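# Examining the three-dimensional arrangement
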Amino acid sequence: MNAESTMQDSANGYVGKPVPRREDERLLKGLGQYIDDIPEPSGLLYVGFLRSSHAHAVIRSIQTDAARQVKGVHAIFTGADIAAWTTPMETPVPGGKQLLRYNMAVDRVRYVGEPVAAVLADSPYEVEDALELIEVDYDSLPTVVSMEEAMQSEAPLLYDHIEGNIAFEARFAVPGTDEAFAGAAHVFADTFSSTRLSGVAMEMPGFIASFDKGHQTLSLWSTSHLPHKERWEIALALGLPERSVRIMSPDVGGSFGLKTVTRPEVVVGAALAMQLGRPIKWQQDRQEDLVLMHARDFQFRIELAVDDQGVIVAVRNTPLVNIGAYALWVTTAGLDAAGAGHHMMGPYKVPYYAYHARAILTNTAPTASYRGVAAPICTFGMESLLERAAAKLGLDEVEIRRRNLIRKEDLPYTNAVDVTHDTASHLECLERVLSRSSYFDFRKSKSGKPGADGKFRGIGLACMADHTGQGTSIARKRGQASRWPGYDGALIKIEPDGKASVHISLASQGQGHATVFAQVAADRLGLRFEDVTVHASDTASVPFGTGAGASRGAVAGGGAVIKASTRIAEKMKRIAGHILEADAKDIILKEGRAFVNGVPDLAVTIEKIAETAYMIGMGTLPEGETIGLDAMEFYDPPSSTYAMAAHIAEVSVDPGTGLVTVERYYVAHDCGRVLNPQIVDGQIVGAIVQGIGAVLMEAARYSEDGQPVATTLLDYTIPTMLDVPEIVLDHIETPSTITLGGMKGAGESGAVGVVPAIILAVKDALSAFGPSITTMPLTPSNVMRLLGVHDDAVNGGT
Amino acid sequence: MNAETMTDDPQLTDEQVSITLTVNGQEMVAHAEPRMLLADFIRHKLRLTGTHVGCAHGACGACTVLVDGSPARSCLMFAVQVQGAQISTVEGLACDGKLSPLQEEFRNHHALQCGFCTPGMLMSARALLADSPNPTEHEIRKALAGNLCRCTGYNNIVKAVSATACRQGKGIQ
């Protein structure tokens, strides 16, 4: 690891070390403050929602009289009440039109689970009592559940003004792409799909909304980790100025993308708090969690053209994204669809590229961006087609990747969608993971052969690049620049006692921000780690910014912390130089002291510098120096920066049961400068295991009439401790040349490479059967079908 | 701590039942409706919010506590069922504010990220180590397979439990 040698101004050297997380002690003692742990303000009422039991219907009437009689029930509201108090969410759709989402259904429901009525009561038990007694009379409408149904010419429309149920459409082509396909030696194409997923953060969303009628201000404790986005959307919905809305994210128990969304329930709760003048609390339950919002419902038609040497000539992607019944973002309905356009090329040189991306409306729960966004399925398609090309051309499947990976000598390599690869350790990642796993030996001795236990063994390889640390310029290029920006902010204060607080615009969901940003700041400020605290959750005290998501925290937040702490460090050096009668540029800040370079005894403590900066009556601030020691800075990453990795999975497949077991896993990864290796490793391993769930077991399925069928964690199964193999992890650390500090994002890439690595391993294990695997999950029943066993009695598979 | 003062509704109705129990070694009295889940009772009546509810249908293990020494899902029990019982929750693991060896090893091995599942994980691991002081890796995985974690990928949790067993075997506290 070369972090210390190249990290300028990191005199203390916390960056790059596995500093133990300072979050942990509190969480291990059971003293975390998740949303449901916050002491409840007096007068609090619980809210709960009656939800549509129909996938598509007109509401004829709602009877609430019996429910109002339940002990403890204070009030019941329906969509008409809420519509009078809130503005529906508006998202642009093709044709210059808008898609409106009312915060509670007014006269029509479009998915099972849509809120229809809100009950306010003293306790959650009484809320449930009342919900059972509300009667709704519906007139069913024809439903569309799959994208195939939704795109048929005579398909029922979810919105009369949105033609073809298309909520987002974008096209892009490098001129000459069609000609490149026409002239190519070989073209390989297929449709690669995921099965819809649930996020299953262990903590479910919730909020406490409290309105101060005197000041006309709303305080909202919320599980959102994009607090400024939520503030803007809530302010817009309620007609309040942003300054009158305060969002506080307590400890957030995981998100993986789904808590980025401002939920209609939150808007309703905030509106009720305003109307009633009483605090309102909502805690979603797991059954709601599994039906209200999903993710990754994709079908990508991917075409790959290569020359007779297996060198990529052109790629085309036609992604379809099932976004369910509503757009979840004010700015766009196309986060995943546009992402599929952008993420397709991955780590490869692709001279000609085109995409045609669409987001499709159906009578299912809305889908949010989930860890990896579109990249897992793009990478699945690319890696699968490259292996098909290799087989056709008689090339080794590793060699075809080597011929196409971006190399150091290609740098800077600007891809077809105008994002520049600033570093390229793809080949090193590949060679490292091949040797770690003894890949070629495995291929020779084990691949596709039944072992002594009768199971087939296989090995799968995936190379990948992950688009991280996106700045505003990329959103602008994609036509998605909005009030959700691309930068993040840090406000750092050294208090009069010489201890620092760092206020950042990104709220953690478990990534250890309170540790890593303290490491970065302590290094730059020359403070001891324990003298720096991080605050990240309150819009009243943190600067405006984008928030944590899309693998951008280390890049955007880290950059902002570096900028702000560097400015304060310069000022401290000037003050220290003044006190010590030395030149500021000769001052070194380290371990809470400022000393003259080469004369360690000529020193002053940072406490003394802080005292000088604040207690100006007592000390001698240099002539013209401003009072205090604080700085607020924003960092807008200049572009995106690609992190990279190579993954290898070893699997066994039991031909009797179809059960796939991941037996060993290897990954070599490069996310630039590593701030805390323990935390980065945790992100990568956690994401890989989440991916094992997506590939082998998870499926948020619907019946043909739009009823969700996986509504408990017994139906929607996620990996347990028994499903996880040893994961061998190697880091290659190549600092980004474009980001401040050299960081790249690390949160999502594990979830990307794991999809093709496992699927190609299963394909390798079953090579005798020649399966074509283009979808997942590879549940036992689906694997039995790949083996040619068709059992109509098996209903579990897709 | 006086549990009586912690009940938010001192005006008892006929439906409320008085429950006397020992929590983390301390006798407590509080009231609950017969239908109140043990998890809600611990969290909202006793205000011990370290025990988390991740599913309320017995599938995730986040709400695991020890009832008379055995792990139990507090979302699948009613509060009235623990009349007279000894309950251990995550808040009882640390001693005089100092982390227990198990908690320390969780920190040393980065066995938690968001931390929401952690209290249940710790209680299941504690029960395992009490029964089986020197478990194999597979025994650890089997014993904790009913505790779901979505962040860590589990392997660091296995290492943390293993390291605790090793430390206890050597008598290092």
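Residues numbered from 1 in each chain as written. Chains lettered and ligands numbered in written order. Predicted model: local features only at pLDDT ≥ 70, side-chain atom pairs only at ≥ 80, totals over all residues. Heavy atoms only, no water.

Attention now goes to the environment of His186(A). Residue and element names in this part refer to chain A. Relative to the assigned elements, His186 resides in strand β10 (residues 186-193). Note: C-alpha distance between His186 and Asp308 (122 residues apart in sequence) is 7.2 Å. Sequence-distant contacts of His186, defined by excluding residues within four places in its chain, comprise Leu304, Ala305, Val306, Asp307, Asp308, Lys392 and Leu393. (Helix = DSSP H or I, 4+ residues; strand = E, 2+ residues; numbered from the N terminus. Contact = heavy atoms within 4.5 Å.)

Residues and elements named next belong to chain A. For helix α9 (residues 264-276), built from 13 residues, the straight-helix expectation of 18 Å at 1.5 Å per residue is met to within 8% by its first-to-last C-alpha distance of 18 Å. Along α9, eleven of the 13 residues are buried, which leaves the element largely enclosed by surrounding structure. Among the residues of α9, those classed as buried are Pro264, Glu265, Val266, Val267, Val268, Gly269, Ala270, Ala271, Leu272, Ala273 and Met274. Gly277 lies just past α9 and shows a positive phi near 70°. (Expected span 1.5 Å × (residues − 1). Buried < 20%, exposed > 50% of the residue type's maximum accessible area, 1.4 Å probe, protein only.)

All names here are of chain A. What the four strands build is an open sheet, ordered β22-β30-β31-β32; its pairing is mixed. Each edge of the open sheet is held by one strand with a lone partner, namely β22 (456-468) and β32 (726-731). Strand-to-strand, the axes of this sheet are offset by a mean angle of 15°, without reference to chain direction. Alignment of strand β31 (residues 660-670) against β32, held across six bridges, turns out to be parallel. (Pairing = 2+ DSSP bridges. Axes fitted to C-alpha atoms, helices over the stretch in contact; angles between N-to-C directions.)

Before going further, it helps to spend a moment on the side chain of Glu126(A). Among the structural elements, Glu126(A) can be located in helix α5 (residues 124-131). Each residue touching Glu126(A), except ones within four places of it in the same chain, is listed here: Val70(A), Lys71(A), Gly72(A), Val73(A), Ala121(A) and Arg35(B).

Turning next to the confidence of the model for chain B. Residue and element names in this part refer to chain B. Taken as a whole, chain B shows an average pLDDT of 92; of its residues, 90% reach a score of 70 or greater. Low pLDDT, under 50, characterises residues 1-8; the stretch is placed with twelve contacts to residues that sit more than four places away or in other chains. Listed scores for the predicted complex are pTM 0.96 and ipTM 0.96. (pLDDT = per-residue confidence, 0-100.)

Okay, the pattern of salt bridges next. All told, the structure shown has 57 salt bridges over all chains when counted by the stated rule. Residue Asp36(A) pairs with Arg43(B) through a salt bridge whose shortest N-O separation is 2.9 Å. Residue Asp36(A) is located in the loop between α2 (24-28) and β1 (45-51), and its partner Arg43(B) is located in helix α2 (residues 38-45); the two belong to separate chains. Take Asp36(A) and Arg43(B): they sit in the same class, and that class is buried. Between Arg51(A) and Glu265(A) there is a salt bridge, and its shortest N-O distance comes to 2.9 Å. Of this pair, Arg51(A) sits in strand β1 while Glu265(A) sits in helix α9; the two residues are 214 residues apart in sequence, bridging distant segments of the chain. Using a relative accessible area of 15% as the deciding quantity, one classes Arg51(A) as buried. Salt bridges sharing common partners tie together Asp36(A), Asp37(A), Glu40(A), Lys281(A) and Arg43(B). (Salt bridge = Lys/Arg side-chain N within 4 Å of Asp/Glu carboxyl O.)

Residues and elements named next belong to chain A. In this structure the tally under the stated criterion is 16 aromatic pairs over all chains. Ring centres of Phe49 and Trp282 lie 5.9 Å apart, and the angle between their planes is 85°; this geometry places the pair in the edge-to-face category. Of the two residues, Phe49 is situated in strand β1 and Trp282 in strand β14 (residues 280-283); the sequence distance between them amounts to 233 residues. Each ring, one from Phe456 and one from Phe769, has its centre 5.8 Å from the other, and the planes form 90°; the classification is edge-to-face. Taken together, the residues Phe456 in strand β22 and Phe769 in the loop between α21 (749-765) and α22 (780-786) connect sequence positions 313 residues apart. (Phe/Tyr/Trp six-rings, centres within 6.5 Å; stacked < 30°, edge-to-face > 60°.)

The next thing to look at is the interface of chain B and chain A. Listed as interface residues are 53 residues of chain B and, on the opposing side, 55 residues of chain A. For the pair chain B and chain A, the summed buried surface comes to about 4,300 Å²; carbon and sulfur atoms form 58% of the total. The tally of links from chain B across to chain A stands at five salt bridges. Salt-bridge contacts for Arg35(B) lead to Asp129(A); the nearest nitrogen and oxygen are separated by 2.8 Å. The tally of links from chain B across to chain A stands at 26 residue pairs in polar contact (both at pLDDT 80 or more). Secondary structure elements with two or more residues in the side of chain B that touches chain A: α2, α3 (101-108), α4 (118-131), α5 (137-144) and α6 (155-169) of chain B. Here the side of chain B that touches chain A gets five residues from one element, more than from any other, and that element is α5(B). Split by residue class, the side of chain B that touches chain A holds 25 nonpolar, 18 polar and ten charged. (Buried area = accessible area lost by both parts, 1.4 Å probe. Polar contact = N/O pair within 3.5 Å; in protein donor to acceptor, adjacent residues only side chain to side chain. Nonpolar A, V, L, I, M, F, W, Y, C, P; charged D, E, K, R; others polar.)

Residue and element names in this part refer to chain A. Along the chain, Ser224 falls in the loop between β12 (217-222) and α8 (227-238). By relative accessible area, Ser224 is classed as buried at 2%. Within the structure, Ser224 has its side chain in polar contact with the backbone nitrogen of Leu226 (distance 3.1 Å). In contact with Ser224, other than residues within four places in its own chain, are Glu230, Ser249 and Lys259.

As a further point, take the environment of Leu580(A). Residues and elements named next belong to chain A. Structurally, Leu580 is set in helix α18 (residues 553-580). By relative accessible area, which is 13% here, Leu580 ends up buried. On a C-alpha basis, the gap between Leu580 and Val596 in space is 8.1 Å, while along the polypeptide they are 16 residues apart. Residues within four places of Leu580 in sequence aside, it is in contact with Ile587, Ala594, Val596, Leu602, Ala603 and Val604.

Bringing the packing of α18(A) against helix α19 (residues 606-614) of chain A into the picture now. Residues and elements named next belong to chain A. Orientation of α18 relative to α19, taken along the N-to-C sense of each, is 95°, at an axis distance of 10 Å. In terms of orientation, α18 and α19 fall into the roughly perpendicular class. Residue-level inspection shows Met572, Ile575, Ala576 and Ile579 of α18 in contact with α19, the latter providing Ile606, Ile609, Thr612 and Ala613. Here the contact of α18 with α19 is built from residues that sort into seven nonpolar, one polar and no charged. (Parallel < 35°, antiparallel > 145°, perpendicular 65-115°, else oblique.)

Now for the pairing of strand β28 (residues 599-605) of chain A. Pairing analysis gives four bridges linking strand β27 (residues 593-596) of chain A to β28(A), with the strands arranged antiparallel. Looking across to β28(A), one finds that Arg593(A) is bridged to Thr605(A).

Quick look at the sheet that holds strand β29 (residues 630-635) of chain A now. Residue and element names in this part refer to chain A. Overall, mixed pairing links the four strands, which are arranged β25-β24-β23-β29 in an open sheet. Two strands in the sheet have a free side with no partner beyond their single neighbour: β25 (532-535) and β29. The average angle at which neighbouring strand axes cross in this sheet is 20°, direction not considered. In this structure, strand β23 (residues 488-494) lies alongside β29, joined through six bridges in antiparallel fashion. By the bridge assignment for β29, Asp488 is matched with Tyr635. Running over the sheet, α18 touches β23, β24 (500-504) and β29 and is turned about 145° from β29.

Let us look at the pairing of β22(A). Residue and element names in this part refer to chain A. Burial analysis of β22 places 13 of its 13 residues in the buried class, the great majority of the element. The side-chain alternation of β22 yields two buried faces, one formed by Phe456, Gly458, Gly460, Ala462, Met464, Asp466 and Thr468 and the other by Arg457, Ile459, Leu461, Cys463, Ala465 and His467. In this structure, β22 lies alongside strand β30 (residues 641-653), joined through 13 bridges in antiparallel fashion. Looking at β30, one finds that Ala465 is bridged to Met644.

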